[in-house]
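# A closer look at the structure
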Amino acid sequence: MKYNINLTRNKKMNELLVSKLNSKSASIGVIGLGYVGLPLALVYSQKGYKVIGIDSQESKVNLINEGNSFIKHIPDTEIGRAKDKGLEATTNFSRLTEVDAIIICVPTPLNEYREPDLSYVIQSTESILPYLRKDQVVCLVSTTYPGTTEEELLPRIESTGLKVGKDIFLVYSPEREDPGNKNFKTGTIPKVVGGFSDECLEVGLALFGKVIDKLVPVSSLKVAEITKLLENIYRAVNIGLVNDMKKITDRMEIDIFEVINAAASKPFGFKPFFPGPGLGGHCIPIDPFYLSWKSRQYGIYSHFIELAGEINSEMPDWVVGKISDALNDNSKSIKGSKILVLGLGYKKDVDDMRESPSVTIINKLIEKGAIIDFSDPYIDHYSDPLYPEEKLRNIKINKETLSTFDLTVLVTDHTSFDIKLIEDNAKIIVDTRGVFSLKSKKVYRA
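The structure contained in this document is the topic of the report that follows. All residue numbers here refer to positions counted from 1 along the written sequence of the relevant chain. Side-chain atom pairs in this predicted model are given and counted only at pLDDT of 80 or more, local residue features only at pLDDT of at least 70, and totals for whole chains, interfaces and linings cover all residues. Note that the side-chain values use all heavy atoms of the structure and ignore hydrogens as well as water.

### Brief notes about the overall build of the protein
Runs of H or I in DSSP of at least four residues are treated as helices and runs of E of at least two as strands, each being numbered from the N terminus. Regarding its fold elements, the protein presents 14 helices and 13 strands. With the radius of gyration taken over C-alpha atoms, the globule rule is written as 2.2 Å times the number of residues to the power 0.38. Taken over C-alpha atoms, the radius of gyration comes to 24 Å for the protein, in line with the 22 Å a tight globule of 446 residues would show. Judged by the C-alpha coordinates and their principal axes, the protein covers about 80 × 50 × 40 Å. In what follows, residue pairs with any heavy atoms lying within 4.5 Å of each other are defined as contacts. Sequence-distant contacts, at least 24 apart, represent 69% of the contacts inside the protein between residues at least 6 apart. Accessible surface is estimated by sampling points in the Shrake-Rupley manner with a 1.4 Å probe; for residues, cover comes only from the protein chains shown. A total of about 20,200 Å² of accessible surface is found on the protein, and carbon and sulfur atoms cover 51% of it. Positive: Lys, Arg. Negative: Asp, Glu. His and the chain ends are not part of the count. A charged residue contributes its charge at one atom only: NZ of Lys, CZ of Arg, CG of Asp or CD of Glu. Looking at charge distribution, the protein has the averaged site of its 56 positive side-chain charges lying 4 Å from that of its 59 negative ones.

### As for a nonpolar patch on the surface
Distance thresholds for patches are 9 Å for like charges and 5 Å for nonpolar side chains (Val, Leu, Ile, Met, Phe, Trp, Tyr), applied to residues having over 30% relative accessible area and no salt bridge. A pairing counts as a salt bridge when a side-chain nitrogen of Lys or Arg comes within 4 Å of a carboxyl oxygen of Asp or Glu. On the surface, a nonpolar cluster with roughly 510 Å² of combined accessible area is contributed by Leu241, Met245, Ile248, Met252, Ile254 and Val259. Element by element, the count of residues in the nonpolar patch is highest for helix α8 (residues 221–251), at three residues. Summarising the element assignment, Met245 is placed in helix α8. Residue exposure (1.4 Å probe, protein chains only): buried if accessible area is under 20% of the type maximum, exposed if over 50%, otherwise partly exposed. By relative accessible area, Met245 is classed as partly exposed at 36%.

### What to know about the packing of α8 against helix α11 (residues 303–329)
To describe two helices that pack against each other, one gives the angle between their axes and the distance between the axes. Two numbers describe how α8 lies on α11: the axes approach to 8 Å, and their chain directions differ by 45°. One way to sum up the angle between α8 and α11 is to call them oblique. The chirality of how α8 crosses α11 is left-handed. Between α8 and α11, the contacting residues are Ile233, Ala236, Val237, Ile239, Gly240, Asn243, Asp244, Lys246, Lys247 and Asp250 on the first element and Phe304, Ile305, Ala308, Ile311, Asn312, Glu314, Met315, Trp318 and Lys322 on the second. Gly is placed with the polar residues, together with every amino acid not listed as nonpolar (Ala, Val, Leu, Ile, Met, Phe, Trp, Tyr, Cys and Pro) or charged (Asp, Glu, Lys and Arg). Of the residues contributing to the contact of α8 with α11, the split by class is ten nonpolar, three polar and six charged. Working convention: axes come from line fits to C-alpha atoms, limited for helices to the stretch in contact. Angles between N-to-C directions cover 0 to 180 degrees. Oblique is the label for any angle not covered by the other classes, which are roughly parallel (under 35 degrees), roughly antiparallel (over 145) and roughly perpendicular (65 to 115). Handedness of a crossing follows from how the near helix is turned relative to the far one, being left-handed for an anticlockwise turn of less than a right angle and right-handed for a clockwise one.

### Quick notes on unusual backbone geometry
Of note in the backbone geometry, Arg114 takes a positive phi value of approximately 60° without being a glycine. Within the secondary structure, Arg114 is located in the loop between β4 (101–104) and α5 (119–128). A relative accessible area of 38% means that Arg114 is categorised as partly exposed.

### Quick notes on the packing of aromatic side chains
For Phe, Tyr and Trp, where Trp contributes only its six-membered ring, two rings pair if their centres lie within 6.5 Å, and the inter-plane angle classes them as stacked under 30 degrees, edge-to-face over 60, or tilted in between. Inspection of the entire model under this criterion finds six aromatic pairs. Centroid distance Phe257 to Phe274: 6.5 Å. Interplanar angle 10°. Geometry classified as stacked. Of this pair, Phe257 sits in helix α9 (residues 256–263) while Phe274 sits in the loop between α9 and α10 (287–296); the two residues are 17 residues apart in sequence, bridging distant segments of the chain. By the ring-pair criterion, three or more aromatic residues cluster together here, those being Tyr44, Tyr49 and Phe208. Note that Lys191 overlies the ring of Phe208, its terminal NZ or CZ placed 4.9 Å from the centroid. Should the NZ of a Lys or the CZ of an Arg lie within 6 Å of a ring centre and within 35 degrees of the ring normal, that charge is described as sitting over the ring. A cation over an aromatic ring shows up here: Lys271 above the ring of Phe273, its NZ or CZ 5.9 Å from the ring centre.

### Considerations on the sheet that holds strand β3 (residues 88–90)
In this scheme, strands are said to pair when DSSP sees at least two bridges between them. Ordered by their spatial adjacency, eight strands build an open sheet running β3-β2-β1-β4-β5-β6-β7-β8, and the pairing between neighbours is mixed. At either end of the open sheet lies a strand with only one pairing partner, and these are β3 and β8 (215–217). Adjacent strand axes in the sheet meet at a mean angle of 25° when their direction is disregarded. Pairing of strand β7 (residues 191–195) with β8 involves three bridges; the strand directions are parallel. The residue of β8 that forms the bridge with Val192 is Val216. Helix α7 (residues 198–209) rests against β1 (27–31), β4, β5 (137–140), β6 (169–172), β7 and β8 of the sheet, and its axis sits at about 150° to β7.

### Considering the nonpolar core
What makes a nonpolar core is a set of buried Ala, Val, Leu, Ile, Met, Phe, Trp, Tyr and Cys residues whose side-chain atoms join them at distances within 4.5 Å. Counting 70 residues, the largest nonpolar core has Ile28, Tyr44, Ile103, Leu207 and Phe208 as its most contacted members. Take this core: its biggest share by element is seven residues, from α7. With residues up to four places along the chain from it excluded, the contact list for Ile28 reads Leu21, Tyr44, Tyr49, Lys50, Val51, Ile52, Val99, Ala101, Ile103 and Leu207. Core analysis: the second largest hydrophobic core is formed by 29 residues, Leu344, Ile361, Leu365 and Leu407 among them.

### Remarks on the sheet that holds strand β12 (residues 429–431)
Sheet architecture is open: five strands sit in the order β10-β9-β11-β12-β13, paired in parallel fashion. A single partner strand is all that each edge strand has here, and the edge strands are β10 (371–375) and β13 (443–445). Each strand of the sheet is rotated relative to its neighbour by a mean of 25°, with strand direction disregarded. Relative to β10, strand β9 (residues 338–342) runs parallel, the two sharing five bridges. Considered in β10, the bridge of Leu340 is made with Asp373. Along the sheet face, α11 touches β9, β11 (407–410), β12 and β13 and points at about 150° away from the line of β11.

### Notes on the pairing of β4
The alternating pattern of β4 places Ala101 and Ile103 on one face and Ile102 and Ile104 on the opposite face, and all of these are buried. Relative to β4, β1 runs parallel, the two sharing four bridges. Note on β4: the bridge partner recorded for Gly29 is Ile102. In the sheet, β4 pairs with β5 via four bridges, with the strands oriented parallel. Residue pairing for β5: Ala101 is matched across the bridge by Val137. Here the term right-handed applies to a crossover when the path leading from its first strand over the helix to its second strand runs clockwise, the strands being oriented away from the viewer. Where the polypeptide runs from β4 across α5 and back to β5, its parallel neighbour, the crossover connection is right-handed.

### A short note on helix α12 (residues 357–367)
Burial of α12 is extensive: eight of the eleven residues sit out of reach of the surface. Check the buried side of α12 and you find it contacts α11, β9 and β10.

### A word on the environment of Ser333
On the secondary structure map, Ser333 appears in the loop between α11 and β9. The sequence separation of Ser333 and Tyr113 amounts to 220 residues, and the corresponding C-alpha distance is 34 Å. Nitrogen and oxygen atoms within 3.5 Å of one another constitute a polar contact, given that in protein one can donate a hydrogen and the other can accept it, and given that sequence-neighbouring residues count only through two side-chain atoms. Among the polar contacts listed, one links the side chain of Ser333 to the backbone oxygen of Lys335, at a separation of 3.2 Å.

The analysis is restricted to geometry; functional conclusions fall outside its scope.
Set out below in structure tokens:
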């Protein structure tokens, strides 16, 4: 663990909690056992802490307590080992009386007007209030706009009579999970930590110091909150740029993937980003709008954020247009055509469908009368709530099945897909990821 910051060393206020966290005698409560909370609970358990996980979904709680995983890239064996070390899952918030640290890992989506929806954060905060006591730390890790922790959590916590920074400690440390990434895990990704006061920051560093390899302390809660947003806005804007470039190069009959790979040979001043069928996951399609919404309260209109969002949200329509063009070239229309969608997850090798462009593309194709099936090794079943009458089948790819579809569209490039098999046997291929050879006359880039 590496960090360097000047802290006010008032041992009277927080020395007991810091000592318990450093000695691993502290108990950890994790609220929200999803793609962020479950890996965090597991790493605390692996490092020797007593962990109680809380989730509103009883099905998740039961699976964990039985030693089973509900996330494909987390094997059952990891859950089983954590369970053997004392990990417990529950729907009962009263168990928080047993813990020294409360870490909130709940969703922060957008509402129908693309405004922040903090309902999960607020509900979780209000649910913990009856069980707070002196010498506890509350840490929010959910991605949100700067000011959330101080404006929403702090007054609610202090409504219990506890003084933040003296009796109880408040921290914000944004999640940086990257599901399916084999190079970085929860414990090896540097962690930004901000506190309401110096005492809170010191507790925050102790909270994560024994489970995360490198900590990055910052001067305030707001700095920690906006750091996470900048990371994802950086990606959203650059992906928006290459998606815009993709449309330009397509009209010029230039391969955008070849251009990007050539540009990436420059050893300075360029970082490659790649176009796709649209943004997916809980972070990049959503997080930038948390800042653009907040910035309007300060009289600032965030042009880059809004423009990138507009470009990226248009990409599913671009893909559907390319599917239409490819079918037209072969004397077919979308209506009545059998189309196989490869990949439902929002990115390769994960089972997470949140904000997946595949879902938007499927809906748009169904609207136009296409007959849709899908293939995804990570997602067994899918039924779209907008079209419950449509029974989408998960197709096992082979020579025979591929030949039964009028068109195959690659939306998510799972590594298990046999690209040569698909290229040899599919009738028409629409490629949104640049993995098929353009030398084949059956391949269309989208």
